[in-house]
Structure formats: structure tokens, C-alpha cells
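# Descriptive structure summary
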Amino acid sequence: MKKRPIVILGAMDVEINYLIDTIGPCQKEEIGMWHFYEGNIDGWPAVVVETLMGSVNAAVPTAFAIRKYDPICLITQGTAGAHHVDIHSRDIVIGETVAQSDFRETGTRPEGGGSDVSKWQYPGSEFLEDGCHVMRTRLRSDPSLVRLAQNVPYKNGHLVTGIIASGDMWNREADVIHEYRQRFGSECEEMESFAVLQVAKAFGVPALAIRIISNNELIPGEEYDRDIGVLGQQYVLDVARAIIEEHKK
């Protein structure tokens, strides 16, 4: 019986290049503007997907990957910005929950009345479940995948299980970051994980969100560092190996 692959998704070159080198030599396939790199992890088939940045860019190749490869699971991973001062560069967040942070309804204010982020509401995205239309702001990573990831050692920082805020924004204003932290309880923010989990849920495929902290706007000196992405990919590969070993049993 042909082994079903594990699919790992990342938006930018600094989030996938190490993975591609490790699973190589790869067969590269292009579908539209998205790239799929087919290789293996210790003899088990693996596909690395370059999604490009943003939720739409993440959702489309996720659907392609599910239909084309019938994977055992998806891992959406990459870099993220911290949401409070206790999370630092090189720390890794296992996204037990991913909150959609950019589908919002503002409060009603007159012209010239400014804006008040505390009045924003987040109705969530629409899902069709058992014939009913449901709005969801939060999605959970597969619990069994979360448990496997929690047991994978990581030596370059702290390993945190928590909430990832996901949406098409890069927030650099401290007040907005604090509002998100209070609203969602989030450890960090990024742009792709909710979209990946949304598509995975629609197709019934287990998925896991993992992010390494590349910057913390609340702490002077912890500015964006592209090179940190490699450390995240190394950890993700160890998680993938743990998942593969579980499937061999």
C-alpha cells in the first residue's frame, strides 16, 4: 500500500528552505503560482508547500495539497510576532487553538470620531456543518498532534502551548497588540494558520499549527530576524518524525 505523505506548509523562503533541503532531492511541481516540493523524511513521503503570505494564499494550495496528496496530516508553520513580554525570539508556540483576528466589525463612530479597537467585534468565518451555517472565530489543532509536538524536545528557547492569532495584518502598534492579547489570549500572531485549519476542517484532515517567534514589538531589541526561521523548521522536522513514527505503529 502506498504511504500517504505528511504535508508541511510555509509562506516564505526563510520558512521552507531548510525543509526543502532536508527532504530532497525533490520533485518540484507548480500549480498556479504555488510550489510543491515532493521528497521524503527518513524514507516517508513528505511534501513542502510554498504558500506565499496571507490567508488566501495559504488556503488555495492547502486545498490543492489535500486533493492531490491525500496526506496523513498538515503542519502549518513559520515565523510569528509575539503578543506579550513573556514570549521571546526563538520561543516556539504550539497552536492548540488558532483565532481568526482580522475578520472584524468595527463599532459605529461618526466622522472625525477616531477609532476604538476595544469596540471591534470578531464574528469569525462561515462554516457549513451538518447543513447548518456556523460562524467560528477559533479552530483547534488536532489534539493528538498537539500532544506529539509537546513531547518533542526543543533546546533553543521555550516551548509554549497556547493560542495563535491569525489574520492578514502585521500589528506593530503596542495598543493593538495588547488588545489582541486581551481579546484572544494569544501568544503571537501570523497570517496563514487559520486559513489552513479552516480548509483542513472542511476536508476532515488533521492539522497542526506551529510558530517560532521571530520578533517582539513590545521589547526593544527583539526586532524581526529572518534567520530564526531555520530553528523553527528543525523543530517541525522533529515533530514530523514523531508523527511518522506514530503512523508506523
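Look above for the structure.
Per-chain numbering applies: the sequence of each chain, read as written, is numbered from 1 onward. Given that the model is predicted, a residue must reach a pLDDT of at least 70 before its local features are reported, and side-chain atom pairs must reach 80 or more before they are shown or counted; all residues, however, enter totals for whole chains, interfaces and linings. Heavy atoms throughout the structure, all of them, feed into the side-chain values; hydrogens and water do not.

## As for the pattern of salt bridges
Here a salt bridge means any side-chain nitrogen of Lys or Arg lying within 4 Å of a carboxyl oxygen belonging to Asp or Glu. Counting across every chain of the model gives 13 salt bridges. With a shortest N-O distance of 3.4 Å, Asp13 and Arg226 are connected by a salt bridge. With Asp13 in helix H1 (residues 13–23) and Arg226 in the loop between strand E12 (207–215) and helix H6 (229–248), this residue pair connects regions lying 213 residues apart in the sequence. Here Asp13 falls in the partly exposed class, since its relative accessible area comes to 34%. In this structure, Glu179 and Arg183 form a salt bridge, with 3.3 Å as the shortest nitrogen-oxygen distance. Taken together, the residues Glu179 and Arg183, both in helix H4 (residues 174–184) and four residues apart, mark about one turn of the helix. Type-normalised accessible area, obtained with a 1.4 Å probe on protein chains alone, sets the label of each residue: buried when under 20%, exposed when over 50%, and partly exposed for intermediate values. Residue classification places Glu179 among the buried residues on the basis of a relative accessible area of 11%. Members of the salt-bridge network, linked through shared partners, are Asp42, Asp238 and Arg241. The way it works is that DSSP assigns letters per residue, a run of H or I at least four long becomes a helix, a run of E at least two long becomes a strand, and they are numbered from the N terminus.

## Some words on unusual backbone geometry
Along the chain, Gly24 connects to Pro25 via a cis peptide bond; the corresponding omega equals 5°. Its place among the elements puts Pro25 in the loop between H1 and strand E2 (27–31). One non-glycine residue with positive phi stands out, namely Leu52, at about 70°. Summarising the element assignment, Leu52 is placed in the loop between strand E4 (44–50) and helix H2 (55–69). Residue Leu52 is classed as partly exposed on the basis of its relative accessible area, which comes to 27%. In the Ramachandran plot, Arg90 falls in the positive-phi region, its phi being about 85° despite a non-glycine side chain. Overall, the relative accessible area of 40% leaves Arg90 in the partly exposed class.

## Observations regarding the pairing of E2
In this structure, E2 lies alongside strand E3 (residues 34–41), joined through five bridges in antiparallel fashion. Each bridged residue has a counterpart across the sheet, and for Glu29 the counterpart in E3 is Phe36. The pairing criterion is simple: DSSP has to find at least two bridges between the two strands. Hairpin geometry of E2 and E3 is characterised by an intervening segment of two residues between the two adjacent antiparallel strands and by a positive phi of about 60° at Gly32.

## Remarks on the side chain of Ser186
With respect to the element layout, Ser186 can be found in strand E11 (residues 186–190). Judged by relative accessible area, which is 0%, Ser186 ranks as buried. Contacts are assigned to residue pairs that have any heavy atoms within 4.5 Å of one another. Look past the residues within four positions of Ser186 in its chain and what remains in contact with it is His83, His84, Ile163, Ala165, Tyr180 and Arg181.

## Comments concerning the environment of Ser118
Locating Ser118 in the fold gives a position in the loop between strand E6 (92–100) and strand E7 (125–129). For the pair Ser118 and Thr106, spaced twelve residues apart in sequence, the C-alpha separation works out to 9.1 Å.

## Looking at the packing of aromatic side chains
We call Phe, Tyr and Trp rings a pair once their centres come within 6.5 Å, taking the six-membered ring for Trp, and we label the pair stacked below 30 degrees between planes, edge-to-face above 60, and tilted otherwise. Under the criterion given, the structure shown has seven aromatic pairs. Ring geometry for Phe36 versus Tyr69: centroids 6.3 Å apart, planes at 40°, classification tilted. Taken together, the residues span a long stretch of sequence, with Phe36 in strand E3 and Tyr69 in helix H2 at a distance of 33 residues. For the pair formed by Phe36 and Tyr69, the shared burial category is buried. Following the ring pairs from residue to residue traces out a cluster consisting of Tyr122, Tyr180 and Phe184.

The values are spatial; any link to function lies outside them.
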